[in-house]
Amino acid sequence: MHDTFEPYAAAFKRQFGISGNQAMELFHRTVSMKQVENITSFVRTNMLEEDNVGERIGNLIHHFDDLKKAHDAVLRAKDQIALLTPIREGAAQHAQLSRDDELARQQRDQLHPWFTDRKLQLSLEHQSELERTGERLRDDSTKLRTDITEKRHELSAVQEDIRTNGGGRLAAIDAEVARLADQSRTQRQRFETYAAAAKDLGLRPPEDRVLFDSNRARLGEVEADLGAQSDELQESRTGLTIARTEQTARLTEIGVELRSLQSRPNLLPLPQLELRRRLCDGTGIAEAALPYAGELLRVRDGEGAWEGAAERTLHGFALSLLVPAKHYAAVSSWVDANNLKGRLVYLRIGESPAARAAEQGTLAAKIAIKPNTPFRNFLLDELATRFDHVCCDTLADFRRYPKALTVNGQLKGGRGRHEKNDRRELTDRRNYVLGWDNHDKISRFLAEQDEVKGQLAVTQAQLTKVDVSLGDLGRRNQQLGTVRSVADFSEISWQLTARRIEELKAEKLDLETASDVLKQLTAKESAVAAELERLEERAGKLRERLGANEKDARDIAEAIEECRGILAETPLTDDGGVLAAVEHLTKAALGDKTLTYKNTGTAESTVRSGLTDTIDALSKRIARAAESTVRLMADFRNKYPNETTDIDAALEAAADYNRLLEQLVGNDLPRFEDHFKESLNQNTIHEVVAFNAFLDSRRQDIVNRIGEINQSMAGIEYNPGRHIQLEHQNTSDQDVREFGVDLRACSEGTIGDDDQYSEQKYLQVERLIERFRGREGLTSLDERWTAKVTDVRNWFTFSASEKWTETGEEFEHFTDSGGKSGGQKEKLAYTILAAALAFQFGLASGKNAAKKANSGRSFRFVVIDEAFGRGSDESARYGLQLFQRMKLQLLIVTPLQKIHVIEPFVSHVGFVANTNGDDSQLRNMTIQEYRDERDRRA
């Protein structure tokens, strides 16, 4: 006894020698079979066994899953390399730019010492030259003084001769002319000075006493006008001086803020950081343990339009210091005991509340929290509670919600309170405090620094212009004093004195022409005097040159001492490379000019200006390189958080990213690739090859089985002299054919170690495995496809061929029973059915038959339900004779109209009668009993 069907079925099949489930399926189909509509379908279903490939496909999928993990590891490593490579390049570029910047700053720092040293050397050379020139000038001066002394003695002798020859009056005239000449020169000099001053003051030259008196009358008016101009210029200078002071102070503030920002990643104001530093120094608490809220918050990516409004709304909260409960006592004590010199808001953080999600569309939902911060739950709760303002795109929405915020920064709070604070620009990033990346703020301060420098340059230029105007005004005031100092016209009337000189000279000429001796002596006196004047003029020029040389010597000595003092305070560096670079820059700046002790200052200014421009450009490039590299680091951390748990997105961590890259390139990727190739070639491809071999083996089994079936059918005479043979052809189904091609492609040419080939082979296998597994959205379709293409029976189509038994020539070929008469269809069906039964029940010749014979058991029972009810007597008789030859035991269910055909082949009858229509009765009798009763009732 069995409780379930499956063990019963197994025992039944063992008892009766039935080979498998397909034999029983054929037994059930035989009951109602009338004709073979499609030979291919019948052969596949009834003559060929279904293969269980599920386990093999499962193995394929399992091996491919391992392969996919290896492949994913390779792709992950390659992706990480692709992301880390630009990080390494960016960090290297930043380092190189930083080195270039440092070198440029070193060069700029060495400009003054280098130029001072060059000025010292050039000044020493010039000092030596001045000493040589001075010695030469002193020798020339000594010789010239000797010549002048001799010439004066000669002139004295001539003058004595003139006096003894009536030259007394001439001497008197000469003395008066000399006196008047001195007076005329003084008057003319004062006249020219007066005329120049008058012209500057808008007065007329004093050609006569009338014009002189007119000028004196206008001096008060001119003085008042100059005073008004002076007042206006002084007022302008005061304003410009104040502006310059403010701009200089702002430039200093920006420099301090920039240095602070460049030394840290956050955006907080320097006073807040200094206050925290003092607090931490006083309490011994690490600064990292007391963050400001702004260091842990930033506006989410994609919400840039709301950044200004968010910064303004969260500004106060962002500057709040977060104090864990364990530090609260120390912090509160220090704050209470110290003068903070500023304002501090701090929040005591107790146990973290449950994380509270922000409502969609609110300001809180647009704020991101720094990963891995222990204050995350507190910040989530604070944001969701205090900053749950709805971000409204329209004023209609803004008016509708009780707490709302517009993109322009208008804030609406509880009890109808509205606020909009435009004291600072909404988009001014200098005031931003949210975030843990301050590169944008640095860029903003750099831009402001350039702007303030420009403003300072303009202010300085305007101040210089005012100073020039004031200097000009002072000169004009001096000119006014010059004009006012001439009290009488006689002080400048040089023309009258010149006429008196001419009169005296005429008198002298008359006296000289009256005596030839006196005339000769006078001529000689003139010649000697002229020579003496020439020598004295030379002596004067020589004294001037000697004085100038001595002055230059004193000046160069002072310059030498000054250079030595400067070099003592700021000596030259020992770095030859820096000095060589400065020299190269100097040569480029001078061009065709030569460096002298006089132009070192101008050359230094030119080189310094060029270096400053270079440093400014490098600073901007450094900032851009830092920003780009840090952004790439952040992208890598966001994508691969596990690999970067202890690595920050900061340039200081560049070595860590480089070590990751070196590990990936030198170890991980080759190891992953080797594992991938090994898994592909030794596991997955091997399994694919085995699967392909299994299917090919099953294909050959089907070919062999058709051969065995044909042996059975060869012994069944279908028509006189002819029999039926089954023929197989490769299917034309596109899915099956493509599957065969793809499967062979996966296993062909598996020897090789080419990376591209391995990837191509992986993709081929992946496409096949994904269909076996079932693609997303196409699972049912892929299941049907898998069942079809892996069932080797579907690789063939079958047809029947009626052949002459003697010659083997084909008489007729057909794929189904279409186009034939009813009797012919039944006949073909009986023939193929008999062959199938013979094969499945092991009654035919061949391996299965021999096995059945040795076992001594065979199942020969066939049930036919009304199979002969509608067919012709001839086809029914053919079928019965066919089953009889095969020694099959038949149970035939048929109406009485075919009993005369069936009767010769039947040994026992189960007669069913239902006279009234509601009471069926069965009578069992032998065929002989049946015939006797039939005859009695006849």
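Computed from a predicted model, the values in this text were never measured in an experiment.

1. Looking at the overall build of the chain
Okay, step 1: Secondary structure assignment for the chain yields 26 helices and 16 strands.
Okay, step 2: Counting every position in the chain, which comprises 938 residues, the buried fraction comes to 39%.
Okay, step 3: Contacts in the chain between residues at least 24 apart in sequence constitute 74% of all its contacts with a sequence separation of at least 6.
Okay, step 4: Of the roughly 52700 Å² of accessible surface on the chain, a fraction of 48% belongs to carbon and sulfur atoms.

2. A few points about the pairing of strand β10 (residues 722-730)
Okay, step 1: Relative to β10, strand β9 (residues 717-719) is paired through 2 bridges, and the arrangement is antiparallel. Bridge pairing in β10 links E717 to H723.
Okay, step 2: Connecting β9 to the next strand, β10, in antiparallel fashion are 2 residues, including G721 with a positive phi near 80°.
Okay, step 3: When β10 meets strand β11 (residues 796-804), the two strands line up antiparallel, connected through 9 bridges. Considered in β11, the bridge of Q725 is made with S801.

3. Points about the sheet that holds strand β12 (residues 810-814)
Okay, step 1: Taken together, the 4 strands give an open sheet; going across it, the order is β9-β10-β11-β12, and neighbouring strands pair in antiparallel fashion. Looking at the sheet topology across the chains shown, the edges are occupied by β9 and β12. Averaged over all pairs of adjacent strands, the angle between strand axes in this sheet comes to 45°, irrespective of strand direction.
Okay, step 2: Across 4 bridges, the pairing between β11 and β12 is antiparallel. Counterpart to A800 in the pairing with β12 is F814.

4. Observations regarding the side chain of Q449
Okay, step 1: Summarising the element assignment, Q449 is placed in helix α13 (residues 439-485).
Okay, step 2: Excluding anything up to four places from it in sequence, Q449 contacts L251, I254, G255 and L258.

5. A look at the sheet that holds strand β7 (residues 411-412)
Okay, step 1: Pairing in this open sheet of 4 strands is mixed, and the strands run β5-β6-β7-β8 from one edge to the other. What marks the edges here is a single partner per strand, and that holds for β5 (390-392) and β8 (418-419).
Okay, step 2: For β5 and strand β6 (residues 404-406), the ladder comprises 3 bridges, and the chain directions are parallel. Of the residues in β6, the one forming a bridge with V390 is A404.

6. So, helix α16 (residues 576-590)
Each α-helix winds once per 3.6 residues, and so residues spaced three or four apart point in a common direction.
Okay, step 1: With 15 residues, α16 extends 21 Å from end C-alpha to end C-alpha; this agrees with the ideal 21 Å at 1.5 Å per step.
Okay, step 2: Of all the positions in α16, only V578, L579, A581, V582, T586 and L590 are classed as buried. Projected down its long axis, α16 shows its buried positions confined to an angular sector of 165°, all on one face. With respect to the buried face of α16, the exposed residues turned more than 90 degrees away are H584, K587 and A588.
Okay, step 3: The opening residue of α16 is D575, an N-cap whose side-chain oxygen sits 3.0 Å from the backbone nitrogen of G577.

7. Remarks on the packing of aromatic side chains
Okay, step 1: Per the counting criterion, the structure on display carries 7 aromatic pairs.
Okay, step 2: Here F636 and Y657 contribute two aromatic rings whose centre-to-centre distance is 6.2 Å and whose plane-to-plane angle is 75°, an arrangement assigned as edge-to-face. Of this pair, F636 sits in helix α17 (residues 600-639) while Y657 is found in helix α18 (residues 654-714), placing the two residues 21 residues apart along the sequence.
Okay, step 3: Here F636 falls in the buried class, since its relative accessible area comes to 1%.
Okay, step 4: With a relative accessible area of 1%, Y657 lands in the buried category.
Okay, step 5: Ring geometry for F739 against W785: centres 5.8 Å apart, planes inclined by 85°, an arrangement best described as edge-to-face. In this pair, F739 is assigned in helix α19 (residues 734-747) and W785 in helix α21 (residues 779-789), connecting sequence segments 46 residues apart. Across the pair, W785 and F739 agree in class, each one buried.
Okay, step 6: Linked through ring pairs, F636, Y640 and Y657 together constitute an aromatic cluster.
Okay, step 7: If you follow R722 out to its NZ or CZ, it ends over the ring of W804, 4.8 Å from the centre.

8. A short note on the environment of I566
Okay, step 1: You can see I566 is positioned in helix α15 (residues 516-569).
Okay, step 2: Note on I566: relative accessible area 19%, which makes it buried.
Okay, step 3: Once the C-alpha coordinates of I566 and D117 are considered, the two residues, 449 residues apart in sequence, prove to be 9.1 Å apart.

9. Here's the deal with helix α24 (residues 873-885)
Okay, step 1: Helix length check: α24 (13 residues) gives 18 Å between terminal C-alpha atoms against 18 Å at 1.5 Å per residue, within 8%.
Okay, step 2: Listed as buried for α24 are S875, A876, Y878, G879, L880, L882 and F883.
Okay, step 3: Looking one or two places after α24, you find K887, whose phi comes out positive at around 55°.

10. Quick notes on the packing of α16 against α17
Okay, step 1: With their axes 9 Å apart at the nearest point, α16 and α17 run at an angle of 110° to one another. Between α16 and α17, the interaxial angle falls into the category roughly perpendicular. Every residue of α17 that contacts α16 at L585, T586, A589 and L590 is listed here: A603, T606, V607 and L611.

11. Thoughts on the pattern of salt bridges
Okay, step 1: Inspection of the entire model under this criterion finds 38 salt bridges.
Okay, step 2: We note a salt bridge from E253 to R250, for which the minimum N-O separation is 3.2 Å. Within this pair, E253 and its partner R250 are both found in helix α7 (residues 209-262), separated by 3 residues, close to a single helical turn.
Okay, step 3: When its relative accessible area of 45% is taken as the criterion, E253 is described as partly exposed.

12. Digging into the confidence of the model for the chain
Okay, step 1: This prediction gives the chain a mean pLDDT of 81; 86% of its residues lie at or above 70.
Okay, step 2: Confidence over residues 845-854 falls short of pLDDT 50; this stretch has 16 contacts with residues more than four positions distant or in other chains.

13. Thoughts on unusual backbone geometry
Phi is mostly negative for residues that are not glycine, and the peptide bonds are mostly trans.
Okay, step 1: Not every positive phi belongs to a glycine, and N372 is a case in point at roughly 65°.
Okay, step 2: For N372, the position within the fold is in the loop between β4 (367-369) and α11 (376-386).
Okay, step 3: Given a relative accessible area of 71%, N372 falls into the exposed group.
Okay, step 4: Positive phi is not limited to glycine here, since R415 has a value of about 60°.
Okay, step 5: Counting through the fold element by element, R415 comes out in the loop between β7 and β8.

14. Quick notes on the packing of helix α8 (residues 270-283) against helix α10 (residues 325-337)
Okay, step 1: Running from N to C, α8 and α10 cross one another at 115°; their axes reach a closest spacing of 10 Å. On the basis of their axis angle, the class for α8 and α10 is roughly perpendicular. Relative to α10, the crossing made by α8 is right-handed. Every residue of α10 that contacts α8 at R278, L279, G282 and T283 is listed here: A330, V331, W334 and V335.
Okay, step 2: Here the residues of the contact of α8 with α10 sort into 5 nonpolar, 2 polar and 1 charged.

15. So, the nonpolar core
Okay, step 1: Ranked by internal contacts, the top residues of the largest apolar core, which has 52 residues, are I39, F691, L695, I706, F739, F772 and F798.
Okay, step 2: Among the elements that line this core, the one with the most residues is helix α22 (residues 822-840), at 9 residues.
Okay, step 3: The residues touching L695, leaving out its near neighbours within four places in the chain, are V53, F739, L743, T790, V792 and W795.
Okay, step 4: Counting residues in each nonpolar core, the second largest holds 42 residues, with L275, C280, A318 and C391 among its members.

16. Let's talk about the side chain of T362
Okay, step 1: Position of T362 relative to the elements: it lies in the loop between β3 (345-349) and β4.
Okay, step 2: Within the structure, T362 has its side chain in polar contact with the backbone oxygen of E359 (distance 2.6 Å).
Okay, step 3: In contact with T362, other than residues within four places in its own chain, are D388, H389, V390 and C391.

The rules behind these values
- Residues numbered from 1 in each chain as written.
- Predicted model: local features only at pLDDT ≥ 70, side-chain atom pairs only at ≥ 80, totals over all residues.
- Heavy atoms only, no water.
- Helix = DSSP H or I, 4+ residues; strand = E, 2+ residues; numbered from the N terminus.
- Buried < 20%, exposed > 50% of the residue type's maximum accessible area, 1.4 Å probe, protein only.
- Contact = heavy atoms within 4.5 Å.
- Areas by Shrake-Rupley, 256 points an atom, 1.4 Å probe, with all protein chains shown as cover.
- Pairing = 2+ DSSP bridges.
- Axes fitted to C-alpha atoms, helices over the stretch in contact; angles between N-to-C directions.
- Expected span 1.5 Å × (residues − 1).
- Arc of directions from axis to C-beta.
- Polar contact = N/O pair within 3.5 Å; in protein donor to acceptor, adjacent residues only side chain to side chain.
- Phe/Tyr/Trp six-rings, centres within 6.5 Å; stacked < 30°, edge-to-face > 60°.
- Lys NZ or Arg CZ within 6 Å of the ring centre and 35° of its normal.
- Parallel < 35°, antiparallel > 145°, perpendicular 65-115°, else oblique.
- Salt bridge = Lys/Arg side-chain N within 4 Å of Asp/Glu carboxyl O.
- pLDDT = per-residue confidence, 0-100.
- Left-handed = near helix turned anticlockwise from the far one by under 90°.
- Nonpolar A, V, L, I, M, F, W, Y, C, P; charged D, E, K, R; others polar.
- Core = buried A, V, L, I, M, F, W, Y, C linked by side-chain atoms within 4.5 Å.

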